[in-house]
Every structure is written in structure tokens, then in C-alpha cells.
Amino acid sequence: MTTMQHDSIDPVPLWGVSFDMNFRERITIEPGKRGGKPCIRGLRITVYDVLEYLAAGMTPEQILSDFPDLEAEDISAVLAFAADRERKLSSTSAP
């Protein structure tokens, strides 16, 4: 049985952005905008919108092409935000 050591491997950034980025700098929640849903940098593009596009099979490059106001870092922030929210949901629902 072969074991792999991961100690010396640096995490590979997604779209040139490290996962340790602070998504809170890019994800905003404003009560009067899009019903208070989490949006990207105060734009009217929600986290849910981007997640839905990714789930439908769009590539990050296609999303960036369709929405020129977005940056690659925004897509990474959306994924980090979703992962953080899932982690919080999982930890509160654990028996």
C-alpha cells in the first residue's frame, strides 16, 4: 500500500487565487439590494447566481465573459463563501 505525503505540497490556487482569501472583502449583504441576498462587491450579481451558473456547467471563463464586471477572484470568493456556509450548517446540525 502506497501512502502519499502532502506536507510539502502547496495548495494549488483556483483561477490564480488562493483558497485562503478573505471572501468577506468581496461578498456583501445590503438589505435594500436583491432582497438582502449575498452579492459580489455590491453588484447586483448574487452568490446564488454564480453558484447556479457553475452547477449548470458554465466554466469560470464563460461566466467572466458573460459578466464583465466580475473578476476571477469573485468566483473564488463565491466558492469560499459557499464552503464556509456549508461548514457552519454542518457544524450546527451535527448530533
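In the block above lies the structure referred to throughout.
These numbers were taken from a predicted model, which means no experiment stands behind them.

**Student:** Describe the overall build of the protein, and please don't skip the residues or the numbers.
**Tutor:** The helix and strand tally for the protein stands at 3 helices and 2 strands. Secondary structure elements of the protein, listed N to C terminal, follow the sequence β-β-α-α-α. Relative to its 95 residues, the protein shows a buried fraction of 27%. Carbon and sulfur atoms provide 55% of the accessible area of the protein, an area that totals close to 6,700 Å².

**Student:** Please set out the pattern of salt bridges residue by residue, giving values where relevant.
**Tutor:** Any two side chains of opposite charge can pair, given that their charged atoms come close. The final tally for this structure, using the stated rule, is 8 salt bridges. In this structure, the salt-bridge partner of R26 is D74, at a minimum N-O distance of 2.5 Å. Separated by 48 residues along the polypeptide, R26 in the segment before strand 1 (27-28) and D74 in helix 3 (residues 72-93) bring together distant segments of the chain. For R26, a relative accessible area of 16% puts it in the buried group. Between R41 and D74 there is a salt bridge, with the nearest N and O atoms lying 2.8 Å from each other. Of this pair, R41 sits in the loop between strand 2 (39-40) and helix 1 (47-55) while D74 sits in helix 3, placing them 33 residues apart in sequence. For R41, a relative accessible area of 31% translates into the label partly exposed. Several salt bridges share partner residues, and in doing so they unite R24, D84, R87 and K88 into one network.

**Student:** Tell me about unusual backbone geometry, and name the residues and values.
**Tutor:** The phi dihedral of R34 is positive, around 50°, even though this residue is not glycine. As for its placement among the helices and strands, R34 is situated in the loop between strand 1 and strand 2. A residue is classified by how much of its surface remains accessible, and R34, at 29% relative accessible area, is partly exposed. In this structure, R41 is a non-glycine residue whose phi angle is positive, near 50°.

**Student:** How would you explain the nonpolar core if you had to name every residue and give the values?
**Tutor:** Among the nonpolar cores identified, the biggest contains 13 residues, and F23, I27, I40, V50, L70 and V78 are the most heavily contacted of them. Counting residues per element, the ones that place at least two in this core are helix 1 and helix 3. With 5 residues, helix 3 is the single largest residue contributor to this core. In contact with V50, not counting residues within four places along its chain, are I40, I45, I63, L70, I75 and V78.

Procedures and definitions
- Residues numbered from 1 in each chain as written.
- Predicted model: local features only at pLDDT ≥ 70, side-chain atom pairs only at ≥ 80, totals over all residues.
- Heavy atoms only, no water.
- Helix = DSSP H or I, 4+ residues; strand = E, 2+ residues; numbered from the N terminus.
- Buried < 20%, exposed > 50% of the residue type's maximum accessible area, 1.4 Å probe, protein only.
- Areas by Shrake-Rupley, 256 points an atom, 1.4 Å probe, with all protein chains shown as cover.
- Salt bridge = Lys/Arg side-chain N within 4 Å of Asp/Glu carboxyl O.
- Core = buried A, V, L, I, M, F, W, Y, C linked by side-chain atoms within 4.5 Å.
- Contact = heavy atoms within 4.5 Å.

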